[in-house]
Amino acid sequence: MQFHIRVRAGAVIIEDNQILLTEYNDPIRGLVYDLPAGGAEPNESLSEAVVREAKEEACVDVEVGPLAFVYEYAPHLNKRKYGDTHTLVMMFECKRKEGSVPQLPATPDPHQMGVKWLPIAELHKIPLYANIGNHIQEYIVNRRNIELLEEYKLNEQRYVE
């Protein structure tokens, strides 16, 4: 069965007033940065997808925290600037596990050139894949997290009438 919206999940990793970003040489746009993220696979929870994507794209082990923000790309509303796939990206605040060192993977994504810590204060100047630098800065200041409710973690509830 095919669905009309692709679900992606990713990591917002912040340390010492810096954010971990992946670096790409986009064939059309040139140098761009992105948060470690990618599509959830069949039989994979969003939290599992975040852990996998952080490892695949930045070689970093993370603990997944609350949902930081949701980004939607609707092709028909954006002149298809990033293609034809309607995408919903769930970005989670994550903490890097002790001893885990971010680096370029041995087999990186096409066009990926690096993994870098960049100053949060400079996000408005950094060319991000999606133009969300100001929103990330606002999130860091306000930390308005949303709890992800995962059915398998919920206790069985009994309702009294």
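As a reminder, the structure under discussion sits directly above these lines.
Since the model is a prediction, treat every value here as computed from it, not as a measurement.

About the thresholds
- Residue indices follow the written sequence of each chain, beginning from 1 at its first position.
- Selection of residues for local features in this predicted model requires a pLDDT of at least 70, selection of side-chain atom pairs for listing and counting requires 80 or more, and totals for whole chains, interfaces and linings are taken over all residues.
- Values shown for side chains rest on all heavy atoms present in the structure; no hydrogens or waters enter the calculation.
- A run of H or I in DSSP becomes a helix once it reaches four residues, and a run of E becomes a strand once it reaches two; helices and strands are each numbered from the N terminus.
- A helix's residues, less one, multiplied by 1.5 Å, set its expected span.
- Partly exposed describes any residue whose relative accessible area lies between the buried limit of under 20% and the exposed limit of over 50%, with all areas from a 1.4 Å probe on protein chains only and scaled to the type maximum.
- Any two residues whose heavy atoms approach within 4.5 Å are treated as being in contact.
- Picture the helix axis, draw a direction to every C-beta atom, and the arc is the one those directions span.
- Two cysteine sulfurs form a disulfide in these notes if their separation is within 2.5 Å.
- Put simply, a nonpolar core is a bunch of buried Ala, Val, Leu, Ile, Met, Phe, Trp, Tyr and Cys residues held in one set by side-chain atoms that sit within 4.5 Å of each other.
- In this scheme Phe, Tyr and Trp rings, the latter by its six-membered ring, pair at centre separations within 6.5 Å, and the angle between planes marks the pair as stacked below 30 degrees, edge-to-face above 60, and tilted otherwise.
- One side-chain nitrogen of Lys or Arg within 4 Å of one carboxyl oxygen of Asp or Glu is enough to make a salt bridge.

Participant: Can you tell me about helix α1 (residues 46-58), naming the residues and giving the values?
Facilitator: Because an α-helix packs 3.6 residues into every turn, residues spaced three or four apart end up facing the same way. Across its 13 residues, α1 extends 18 Å between first and last C-alpha, which sits within 8% of the 18 Å expected from 1.5 Å per residue. Leu46, Ser47, Ala49, Val50, Arg52, Glu53, Ala54, Glu57 and Ala58 are the residues of α1 that are buried. The inward-facing, buried residues of α1 contact β1 (5-15), β2 (18-26), β4 (37-39), β5 (62-73), β6 (86-96) and β7 (112-119). Where α1 ends, the next residue or the one after it, Cys59, has phi of about 55°, a positive value.

Participant: Got a sec to walk through helix α2 (residues 133-142)? Specific residues and values, please.
Facilitator: Taken together, the buried positions of α2 are occupied by Gly133, Ile136, Gln137, Tyr139 and Ile140. In a view along the axis of α2, the buried residues occupy a sector of 160°, so they form one face of it. Exposed side chains of α2 directed beyond 90 degrees from the buried face belong to Asn134 and Val141. Looking at the packing, one finds that the buried side of α2 touches β1, β2, β5 and β6. Just downstream of α2, Arg143 is the residue with a positive phi angle, here 40°.

Participant: Can you break down the state of the cysteines residue by residue, with the values?
Facilitator: Here the structure, examined in full by the defined rule, presents zero disulfides. Here Cys59 stays unpaired: no disulfide links it, and the sulfur of Cys94, its closest cysteine neighbor, is 16 Å away. On the accessibility criterion, Cys94 (4% relative accessible area) is buried.

Participant: Lay out the nonpolar core with the relevant residues and their values.
Facilitator: Of all hydrophobic cores here, the largest spans 20 residues; its most connected members are Ile19, Leu21, Leu35, Phe69, Leu123, Leu128 and Ile136. Broken down by secondary-structure element, the contributors of at least two residues to this core are β2, β5, β6 and α2. No other element matches the three residues that α2 contributes to this core. Residues contacting Leu123, with those up to four places away along its chain left out, are Ile19, Leu21, Leu128, Gly133, Ile136 and Gln137. Counting residues in hydrophobic clusters, the runner-up holds 16 residues, among them Ile13, Ala49, Ala54 and Leu67.

Participant: Please give an account of the packing of aromatic side chains that cites residues and values.
Facilitator: Applying the stated criterion across every chain yields a total of one aromatic pair. Consider the rings of Phe69 and Tyr139, whose centres lie 6.4 Å apart with planes at 65°: the pair is edge-to-face. Taken together, the residues Phe69 in strand β5 and Tyr139 in helix α2 connect sequence positions 70 residues apart. Residue class for Tyr139 comes out buried when judged on its relative accessible area of 0%.

Participant: So, the pattern of salt bridges: which residues are in play, and what are the values?
Facilitator: Counted under the stated rule, the structure contains ten salt bridges. Lys116 is the partner of Glu23 in a salt bridge, and the nearest nitrogen-oxygen pair spans 3.2 Å. Pair noted here: Glu23 is in strand β2 and Lys116 is in strand β7, with a separation of 93 residues, a long-range link. Assessed through its relative accessible area of 35%, Lys116 is described here as partly exposed. A salt bridge links Arg52 to Glu53, with the nearest nitrogen and oxygen atoms 2.8 Å apart.

None of the figures reported here should be taken as evidence of function without further support.
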